[in-house]
Amino acid sequence: ALYLRADTTICSGDIWLRQSNVQNASYLWSDGSADSSITVKGPGSYWLQVNNGVCLVADTINVVYDQRPVFSLGNDTAVCSNSLLTLQPGISNATYIWQDGSTQNNFSVSQPGTYWVQVTDNNFCSSSDTIIVTHMPAPIINLGNDTTICDNATLQLDATIPGIEFYTWQAESNLQTYQVTQ
């Protein structure tokens, strides 16, 4: 009997179809090949005819491709050493396996290292992604000693740190310096 297998759904990639060798038989696949096996490179309907000189038998298989989950953990990044980075692939109705074996749908990073996740959707299709997280030391800010100023005087505080571009003072100023008037 000729039996390729049941119609099938696969995630992506190649699938190998083969029929056991039948003595003194000829094979004809839907792509015109005459081997006892073919490699399927895409979705579609594939058939095989086997002729042993007495009988001609045929079978057909339909191959459907499901898309693998598409997500990204983002580019490799650096974060301040005292902060957390939450990795969230954002795939619904999926299972997760992180590099440490945990299975939550997100992962909090508090240490430098290489982090990865494998996401498997309801169709059993899987994808994975990796991110490398490094830490930057927190900038050291020194505004000077506590001080007293006279009425109607000003004191300029300077928080300039080479390589730092963004500043926020208590009055929502974003400059490197701040004028204290009271």
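As a starting point, this report considers the structure included with it. Values in this document were obtained by computation on a predicted structure and should not be read as measured data. (Residues numbered from 1 in each chain as written. Predicted model: local features only at pLDDT ≥ 70, side-chain atom pairs only at ≥ 80, totals over all residues. Heavy atoms only, no water.)

1. With respect to the state of the cysteines
(1) Moving on: Per the stated rule, a full pass over the model turns up 1 disulfide.
(2) Moving on: There is a disulfide in this structure between Cys-11 and Cys-125, and the S-S distance comes to 2.1 Å. Note on the Cys-11 and Cys-125 pair: the S-S dihedral is about -100°, so by sign convention the disulfide is left-handed. Taken together, the residues span a long stretch of sequence, with Cys-11 in the loop between strand 1 (8–10) and strand 2 (15–18) and Cys-125 in the loop between strand 11 (113–121) and strand 12 (126–136) at a distance of 114 residues. Cys-125 shares its class with Cys-11; the two are buried. (Disulfide = S-S within 2.5 Å. Helix = DSSP H or I, 4+ residues; strand = E, 2+ residues; numbered from the N terminus. Buried < 20%, exposed > 50% of the residue type's maximum accessible area, 1.4 Å probe, protein only.)

2. Comments concerning the sheet that holds strand 9 (residues 94–98)
(1) Moving on: Strand order in this open sheet of 4 strands is 7-12-11-9, and the pairing throughout is mixed. For this open sheet the edge positions go to strand 7 (77–80) and strand 9, each flanked by a neighbour on one side alone. The mean inter-strand angle of the sheet, taken between neighbouring strand axes irrespective of direction, is 30°.
(2) Moving on: Alignment of strand 11 against strand 12, held across 8 bridges, turns out to be antiparallel. The residue bridging Val-119 from the neighbouring strand is Ser-127, located in strand 12. (Pairing = 2+ DSSP bridges. Axes fitted to C-alpha atoms, helices over the stretch in contact; angles between N-to-C directions.)

3. With respect to the nonpolar core
(1) Moving on: In this structure, Leu-73, Leu-87, Trp-98, Val-109, Tyr-115, Val-117 and Val-133 are the most contacted members of the largest nonpolar core, which totals 15 residues.
(2) Moving on: Contributions of two or more residues to this core are made by strand 8 (85–87), strand 9, strand 10 (107–109), strand 11 and strand 12.
(3) Moving on: Take this core: its biggest share by element is 3 residues, from strand 11.
(4) Moving on: Core analysis: the next-biggest nonpolar cluster, separate from the first, contains 13 residues, Leu-4, Leu-17, Trp-29 and Val-40 among them. (Core = buried A, V, L, I, M, F, W, Y, C linked by side-chain atoms within 4.5 Å.)

4. Some words on the packing of aromatic side chains
(1) Moving on: A complete count under the given rule lists 3 aromatic pairs for this structure.
(2) Moving on: Aromatic side chains Phe-107 and Tyr-115 sit 5.7 Å apart centroid to centroid with 45° between the ring planes, which places their arrangement in the tilted category.
(3) Moving on: For Phe-107, a relative accessible area of 12% gives the class buried.
(4) Moving on: Look at Trp-169 and Tyr-178: their rings are 5.2 Å apart centre to centre, the planes differ by 20°, and that puts the pair in the stacked class.
(5) Moving on: Through successive ring pairs, a cluster of aromatic residues spans Trp-98, Phe-107 and Tyr-115. (Phe/Tyr/Trp six-rings, centres within 6.5 Å; stacked < 30°, edge-to-face > 60°.)

Read these as layout, nothing more, since geometry by itself doesn't imply function.
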